[in-house]
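Now for the letters of each chain:
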Amino acid sequence: MVTHLFQLPSGLLKPIVEGTQSFHVTFIDADYRVGDNIVFQELDRDSASFTGFEILMRIVYIQPIGHPTNLAVLGIKPPISRRASKTIMCSECGASLVIGTHEMTILNAVCGACVARNS
Ligand SMILES: [Zn+2]
């Protein structure tokens, strides 16, 4: 089991976080396998730098596509069922953050105040 890393602009990460998008399309640039983990990191829209928000998903399905085949649709699901929301600490200032309306594992997050200060 391998963990792959993808960095996405917040607009592309949002439907994954909200649970409305259960797949990710990628070039086959690694040995993707069902059961592997994916960490999705959010990139700031303007600076293209990591915002500090990241989530963990698991590959549950793989469909190679393209002519020649060089892309894959990765079906993704949260690896662990959790309560609808949980409280974690901002990784920068330590403020409490209540996050998540979708069952998933949020690894790391930065509060709105820190995001605003950093941008
Ligand atoms: Zn903070």
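Cut-offs used in this document
- Residues numbered from 1 in each chain as written.
- Predicted model: local features only at pLDDT ≥ 70, side-chain atom pairs only at ≥ 80, totals over all residues.
- Helix = DSSP H or I, 4+ residues; strand = E, 2+ residues; numbered from the N terminus.
- Contact = placed C-beta atoms within 7 Å.
- Buried ≥ 20, exposed ≤ 12 C-beta atoms within 10 Å, placed from the backbone.
- Arc of directions from axis to C-beta.
- Core = buried A, V, L, I, M, F, W, Y, C linked by C-beta atoms within 7 Å.
- pLDDT = per-residue confidence, 0-100.

Concerning the overall build of the chain
Working step 1: A tally of helices and strands in the chain yields two helices and eight strands.
Working step 2: From first element to last, N terminus to C terminus, the chain shows the α and β order β-α-β-β-β-β-β-β-β-α.
Working step 3: Partitioning the intrachain contacts of the chain with sequence separation of at least 6 by distance along the chain shows that 52% fall at a separation of at least 24.

Concerning the environment of Ser22
Working step 1: Structurally, Ser22 is set in the loop between helix H1 (10-18) and strand E2 (23-27).
Working step 2: Considering only alpha carbons, one finds Ser22 and Ile76, 54 residues apart in sequence, at a separation of 5.3 Å.
Working step 3: When sequence neighbours within four positions are dropped, the list of residues in contact with Ser22 reads Gly75, Ile76 and Lys77.

Things to note about H1
Since the α-helix advances by 3.6 residues per turn, residues separated by three or four positions end up pointing in the same direction.
Working step 1: Residues Leu13, Ile16 and Val17 constitute the buried set of H1. Projected down its long axis, H1 shows its buried positions confined to an angular sector of 100°, all on one face. Exposed residues pointing more than 90 degrees away from the buried face of H1 are listed as Gly11, Pro15 and Glu18.
Working step 2: Elements in contact with the buried residues of H1: strand E1 (3-9), strand E3 (37-43) and strand E4 (50-65).
Working step 3: Phi for Gly19, located one or two positions after H1, is positive at around 90°.

Concerning the nonpolar core
Working step 1: Counting 11 residues, the largest nonpolar core consists of Leu13, Ile16, Val17, Ile38, Phe40, Ile55, Met57, Ile59, Ala72, Leu74 and Ile76.
Working step 2: Counting only elements with at least two residues in this core, the list comes to H1, E3, E4 and strand E5 (71-77).

Focus: the environment of Lys77
Working step 1: In this fold, Lys77 is placed in strand E5.
Working step 2: On the basis of neighbour count, Lys77 is assigned to the partly exposed category, with 15 C-beta atoms found within 10 Å.
Working step 3: Taking the C-alpha atoms as reference points, Lys77 and Ser22, 55 residues apart in sequence, are found 6.5 Å from one another.
Working step 4: In contact with Lys77, not counting residues within four places along its chain, are Ser22, Met57, Arg58 and Val60.

Describing the confidence of the model for the chain
Working step 1: On average, the chain scores 86 in pLDDT, and the residues at 70 or more come to 87%.
Working step 2: Within the chain, strand E8 (residues 105-108) has the poorest average pLDDT of any element, 69, and E2 the best, 96.

A look at unusual backbone geometry
Working step 1: Of note, the amide linkage connecting His67 to Pro68 takes the cis form, showing an omega dihedral of -5°.
Working step 2: By the element assignment, Pro68 lies in the loop between E4 and E5.
Working step 3: Phi at Ala48 takes a positive value of approximately 60°, unusual for a residue other than glycine.
Working step 4: With respect to the element layout, Ala48 can be found in the loop between E3 and E4.

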